[in-house]
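# Survey of secondary and tertiary structure
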Amino acid sequence: MNILGISAYYHDAAACLVVDGRVIAAAQEERFTRKKHDARFPEQAIRFCLQAGGLRPADVDHVVYYDKPFLKFERLFETYLAFAPRGFRSFVTALPVWLKEKLFQKLVIAREFRRIWGDQEDWSGRLLFSEHHLSHAASAYFPSPFSEAAVLTMDGVGEWTTTSLAIGQGRDLKVHREIHFPHSLGLLYSAFTYHAGFRVNAGEYKLMGLAPYGEPRYVERIRDHLIDIKDDGSFALDLEYFDYCTGLRMTNQRFDALFDGPPREPESRITQREMDLAASIQAVTEEVVLKLARGIRRDTGQKNLCLAGGVALNCVANGRLLQERIFDRLWIQPAAGDAGGALGAALGAYHLLLGGPRPEPTGMDGMHGSYLGPEYTQTEIESRLTAAGAVFTTLDDEECVDWTARALAEGKAVGWHQGRMEFGPRALGSRSILADPRLATAQKTLNLKIKFRESFRPFAPSVLREHVAEWFDLDADSPYMLLVAGVSSDRRLPMTPAQQELFGIDRLNVARSVIPAVTHVDYSARVQTVHKETNPRYHALIARFRELTGCPVLVNTSFNVRGEPIVCTPEDAFRCFMGTGIDVLVVGNAVLRAEEQNPGLRLSYADRHELD
Ligand SMILES: [Fe+2]
């Protein structure tokens, strides 16, 4: 049974192939089109999925779209009625698009398939639609290692649902409770993202990164005016402060008045107010997530919890959830946002609609480390690099790992392009830029010379799973970089009183631990545990680095520059390498040194990138 899942037309279009209940391939369209958060029909991602599964279009049994356009239309329409005439402005803007494209999604999708593969297939007859939050819940539960679990999904909004609780048992998954639009934890967080001058649906992680600099002095104001939180974590927003139902903005003047002024201009200087707002909304978010989790544990008696939906990318809240030990085990879908809806839609259709059995997970879970994207053979890599004009040397496996570990130990920034590309927003050691976390300068160098940004966020560490507890306050798997934990107390460095007086990013430049490049101002780190079973090559690299330096940790940041999607092909990697200050590039077993490349091929990225 071959099922293709699709998410598209909102943000982060993606495709996923599920064969007999196993996830075979998945990728976001942006990686192929090179347009960040590309929401268009995921033609190239679909082509890749079919190719990875060795399938012809005729072999696809079902195509499942990740949400239900009619329900979403109903939400828009009812919201309009409820807020009329104030809602009219956003409604007239949204309506033509809806009528033309989204409402007739079945026709639109079938037409796209016919355009690509011709008329001979009956695409309409194979099309199914899943519900948005069911897609999220299925993506969280079915690939998890649990035979039984509670499933919590939280996001901005799908059709009506913004938060759902489901119970998974064997191949069954039932939704028990829902919170509906306009009451949404995701939209509340996005409202603060907007107010802090970051882009909604993209800048939420920046707000989270800003939180440790602030004081949560607005928490009471948020609780008193914006959100009513019940003991079981259910909540209701006071819509007098928001504009997302009636206008084209997230917040309104009442919101501005409540939080001491209008939204920050994007790209302008970040002030203490934004930091305090970030800290406050982060604290409230954590409160809701923890209360929801406690309520679920109490009511269902389930021992395991699965998470998905955009709010599940809040790795600080996830870290709290683990720390509080409300559930015995926690599993978070790495593609927790809407791209992962493609995967959940396909899995949901297979198990819930077609009654397919749940396969035993191979390894840690059903996600294969989220390494579900394209890969290239060594022969392909070499011919592609040669065609691109690259100068490289080919080493054998062991030499390559040793050579790269030595380059890292010498303080070099390494572009690391290996095996299958990651599915989801994080680079997990297949398309990563790596560096030595012990260098206090690594943070600054990577930000300014490679990512072209000044950042208040430190980088994330990759650490060997078997050594994680020696370096961080964590002794659990975190293969998808979705948990934040403290750096171990014996690795921390105290701040002097003079350093404590520093403001904003200057505080980040003070070494907080013996691995300063990955330690936030509050000593936290967004940890990825690296496992031999899922990424033996990356594991071997860090193990070799540890033999050379005593440190089983590397800086891992996504292989891209600001505003660009993560690299996919060897050519993408070479281009990024030639346009940035990366010292060496390793693609498969081909190693490239910056100084040996043809200077005529150097690109100037620094002034070309789009803002993210
Ligand atoms: Fe969603």
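Each chain has its residues counted from 1, following the order in which its sequence is written. Predicted model: local features are reported for residues with pLDDT of at least 70 only, side-chain atom pairs are reported and counted for 80 or more only, and whole-chain, interface and lining totals are derived from all residues. Excluding hydrogens and water, the side-chain values take into account all heavy atoms of the structure.

### Quick look at the coordination of the iron ion
In plain terms, the rule: Any N, O or S atom lying within 2.8 Å of the metal counts as a donor, and for Na, K and Ca the limit rises to 3.2 Å; water is left out, so some sites can look incomplete. All geometry calls rest on donor angles, where a four-donor set with angles between 85 and 135 degrees is tetrahedral, four- and six-donor sets with opposite donors more than 155 degrees apart and all others between 65 and 115 are square planar and octahedral, and all else is irregular. Helical segments are the DSSP runs of H or I of at least four residues, strand segments are the runs of E of at least two, and each set is numbered from the N terminus. Each residue is placed in one exposure class: buried if its accessible area under a 1.4 Å probe, protein chains only, is under 20% of its type's maximum, exposed if it is over 50%, and partly exposed if it falls in between.
Coordination sphere of the iron ion, protein contribution only: His132 (NE2), His136 (NE2), Asp155 (OD) and Asp338 (OD), at 2.1 to 2.2 Å. Around the iron ion, the four donor atoms sit at angles spanning 89 to 170°, and that spread fits a shape best called irregular. Summarised as a motif, the one-chain spacing of the donors to the iron ion is H-x3-H-x18-D-x182-D. Pair noted here: histidine 132 is in helix α6 (residues 132-141) and aspartate 338 is in the loop between β12 (329-332) and α13 (339-353), with a separation of 206 residues, a long-range link. Judged by relative accessible area, histidine 132 falls into the buried class, the value being 1%.

### Notes on a nonpolar patch on the surface
Rules: Only residues whose relative accessible area exceeds 30% and that take part in no salt bridge are eligible for patches, with like-charged residues grouped when within 9 Å of each other and nonpolar side chains (Val, Leu, Ile, Met, Phe, Trp, Tyr) grouped when within 5 Å. Per-residue and other accessible areas follow the Shrake-Rupley method at a 1.4 Å probe size, with only the shown protein chains counted as cover for residues. One speaks of a salt bridge when a side-chain nitrogen belonging to Lys or Arg is within 4 Å of a carboxyl oxygen belonging to Asp or Glu.
On the surface, Met1, Leu353 and Leu354 cluster together to form a nonpolar patch covering roughly 260 Å² of accessible area. Relative to the helices and strands, methionine 1 resides in the segment before β1 (2-7). The partly exposed category is assigned to methionine 1, whose relative accessible area is 36%.

### Side note on the nonpolar core
One broad rule of soluble globular proteins: the nonpolar side chains tend to lie buried together. This is how the line gets drawn: Throughout this description, the term nonpolar core refers to a set of buried Ala, Val, Leu, Ile, Met, Phe, Trp, Tyr and Cys residues connected via side-chain atoms within 4.5 Å. Every residue pair with non-hydrogen atoms within 4.5 Å of one another is taken to be in contact.
With 197 residues, the main nonpolar core has Phe113, Phe192, Leu226 and Phe472 as its most contacted residues. Of all the elements, helix α11 (residues 272-300) adds the most residues to this core, at 11 residues. The contact partners of leucine 226, leaving out residues within four places of it in the chain, are Leu188, Phe192, Arg221, Ala236, Leu237, Asp238, Tyr241, Phe242, Phe255, Leu258 and Phe259.

### Details of unusual backbone geometry
At the junction of phenylalanine 181 and proline 182, the peptide bond is cis and its omega measures out at 5° in the coordinates. By the secondary structure assignment, proline 182 is in the loop between β8 (172-180) and α7 (185-195). Positive phi, normally seen in glycine, also occurs at methionine 481, with a value near 60°. Secondary-structure assignment places methionine 481 in the loop between α17 (468-471) and β17 (483-486).

### Thoughts on the packing of helix α9 (residues 219-226) against α11
Our working definition: For helices, the fitted axis covers only the stretch in contact; all axes are lines through C-alpha atoms, and the angles between them, taken along N-to-C directions, range from 0 to 180 degrees. Comment on the angle field: the value is read as roughly parallel under 35 degrees, roughly antiparallel over 145, roughly perpendicular from 65 to 115, and oblique elsewhere. Crossings are classed by handedness, with left-handed meaning an anticlockwise turn of the near helix from the far one by less than a right angle and right-handed meaning a clockwise turn. Residue type decides the class: Asp, Glu, Lys and Arg count as charged, Ala, Val, Leu, Ile, Met, Phe, Trp, Tyr, Cys and Pro as nonpolar, and the leftover types, Gly among them, as polar.
With their axes 8 Å apart at the nearest point, α9 and α11 run at an angle of 60° to one another. Between α9 and α11, the interaxial angle falls into the category oblique. Crossing of α9 against α11: the hand is right-handed. Residues Val219, Ile222 and Arg223 of α9 form the contact with α11, whose own contacting residues are Ser280, Ile281, Ala283, Val284 and Glu287. Residue composition of the contact of α9 with α11, by class: five nonpolar, one polar and two charged.

### A look at the sheet that holds strand β13 (residues 393-394)
Counted only if it meets this: A pair of strands is considered paired only if DSSP assigns at least 2 bridges between the two.
One open sheet accounts for nine strands, arranged β13-β21-β20-β14-β15-β19-β16-β18-β17; its pairing is mixed. Pairing within the sheet leaves two strands with one partner each, and these edge strands are β13 and β17. Of the strand pairs in this sheet, strand β15 (residues 431-435) and strand β19 (residues 553-558) are connected by four bridges, and their pairing is antiparallel. Looking at β19, one finds that alanine 435 is bridged to valine 555. Along the sheet, helix α12 (residues 315-323) makes contact with β17 and β18 (524-530), crossing β17 at roughly 65°. Strands in contact with helix α15 (residues 397-409) are β14 (414-417), β15, β19, β20 (584-587) and β21 (590-593); relative to β20, the strand with the most contacts, it is inclined by about 155°.

### Description of the pattern of salt bridges
On inspection of all chains with the given rule, the structure shows 34 salt bridges. Residue arginine 273 pairs with glutamate 274 through a salt bridge whose shortest N-O separation is 3.2 Å. Taken individually, arginine 273 and glutamate 274 each receive the classification buried, so the pair is uniform in this respect. Residue arginine 492 is joined to aspartate 473 by a salt bridge in which the shortest nitrogen-to-oxygen separation is 3.5 Å. Taken as a pair, arginine 492 in the loop between β17 and α18 (497-500) and aspartate 473 in the loop between α17 and β17 lie far apart in primary sequence, 19 residues in all. Assessed through its relative accessible area of 28%, arginine 492 is described here as partly exposed. Salt bridges here are not isolated pairs; linked through shared partners, they connect Arg34, Glu564, Asp572 and Arg575.

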